[in-house]
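Remarks on the overall topology
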Amino acid sequence: PALERGIARQAAGPPQTGQGARARRAGVPGLFRVARDLTELSVAIVDDVVTTGATVNALAAELRAAGAARVVVFAVARTPEPAQPRNV
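My aim in this report is to walk through the structure given alongside it, one point at a time. Here the structure is a predicted model, which is why all the values come from computation and not from measurement. One numbering rule holds for all chains: residues counted from 1, following each sequence as written. Given that the model is predicted, a residue must reach a pLDDT of at least 70 before its local features are reported, and side-chain atom pairs must reach 80 or more before they are shown or counted; all residues, however, enter totals for whole chains, interfaces and linings. The side-chain figures draw on all heavy atoms in the structure; neither hydrogens nor water molecules are used.

1. Some points on the overall build of the protein chain
Helix and strand assignments follow DSSP, with helices taken as H or I runs no shorter than four residues and strands as E runs no shorter than two, numbered in order from the N terminus. Within the protein chain one finds two helices and five strands. Overall, the protein chain shows an N-to-C arrangement of helices and strands of β-β-α-β-β-α-β. Exposure classes here rest on a 1.4 Å probe applied to the protein chains alone. A residue is buried below 20% of its type maximum, exposed above 50%, and partly exposed in between. By residue count, 23% of the 88 residues in the protein chain fall in the buried class. Considering only contacts within the protein chain whose residues lie at least 6 apart along the sequence, 69% involve residues at least 24 apart. Only the protein chains shown count as cover for residues, and the accessible areas themselves come from Shrake-Rupley with a 1.4 Å probe. When the accessible surface of the protein chain is split by element, carbon and sulfur atoms take 53% of a total near 6400 Å². We call two residues contacting when some pair of their heavy atoms lies within 4.5 Å.

2. Description of helix α2 (residues 54–65)
The end-to-end C-alpha separation of α2 is 17 Å, in line with the 16 Å expected for twelve residues at 1.5 Å each. Listing the buried residues of α2 in full gives Ala54, Val56, Ala58, Leu59, Ala60 and Leu63. Taken from the residues just after α2, glycine 67 is the one with a positive phi, measuring 105 degrees. A helix is expected to span 1.5 Å multiplied by its residue count minus one.

3. Digging into the nonpolar core
Taken as a class, soluble globular proteins show a tendency for nonpolar side chains to be buried jointly. We define a nonpolar core as any set of buried Ala, Val, Leu, Ile, Met, Phe, Trp, Tyr and Cys residues linked to one another through side-chain atoms lying within 4.5 Å. Judged by nonpolar contacts, the single largest core of 14 residues is most densely connected at Val34, Leu38, Ile45, Leu59 and Leu63. For this core, the elements supplying multiple residues, two or more each, are β3 (32–34), β4 (42–50) and α2. Per-element tally for this core: the top contributor is α2, with four residues. Not counting the four nearest positions on each side in its chain, isoleucine 45 is found in contact with Val56, Leu59, Ala60, Leu63, Val71, Val72, Val73 and Phe74.

4. Topic: the pairing of β4
Being paired, for any two strands, means DSSP has found at least two bridges between them. With eight bridges joining them, β4 and strand β5 (residues 70–78) adopt parallel strand pairing. Looking at the pairing, alanine 44 lines up with valine 72 of β5. The parallel pair β4 and β5, bridged by α2, forms a crossover whose chirality is right-handed. Look down the strands so they point away from you; if going from the first strand over the helix to the second traces a clockwise path, that crossover is right-handed.

5. Examining the environment of serine 42
Structurally, serine 42 is set in strand β4. Serine 42 gets classed as exposed once you look at its relative accessible area, which sits at 59%. Distance from serine 42 to glycine 67, taken between C-alpha atoms, is 9.6 Å for residues 25 residues apart in sequence.

6. A closer look at unusual backbone geometry
In this structure, glutamate 40 takes a positive phi of about 65 degrees despite not being glycine. Structurally, the position occupied by glutamate 40 is in the loop between β3 and β4. Given the relative accessible area of 64%, glutamate 40 is considered exposed.

7. Describing the environment of aspartate 37
Relative to the elements of secondary structure, aspartate 37 occurs in the loop between β3 and β4. Accessibility expressed as a relative area gives 55% for aspartate 37, which makes it exposed. With 30 residues separating them along the chain, aspartate 37 and glycine 67 place their C-alpha atoms 6.5 Å apart. In the analysis that follows, any N or O atom pair within 3.5 Å is treated as a polar contact, provided that within protein one partner can donate a hydrogen and the other can accept it, and provided that, for residues neighboring in sequence, both atoms belong to side chains. One polar contact links aspartate 37 to threonine 39, side chain to side chain, over a distance of 2.5 Å.

Interpretation in functional terms is not warranted from these geometric data alone.
Next up, the structure:
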């Protein structure tokens, strides 16, 4: 399906539920296509939840490749980083 103003999602991509960060990053290259010149524009990505950032980072890379001067992300929520073991 087409997204706002000339950005298209090429494919559905694999479901990301239950996948770790590495698997999520592997599933997003080539997922988006920008169909217009964004030279010197500032672009905002609005997302509901950012888990690992793989999807927004892939989209931001495509936007920058299309010439976007600045890409910012607004999200309603972000999942917490996994807890690191503590040395006691």
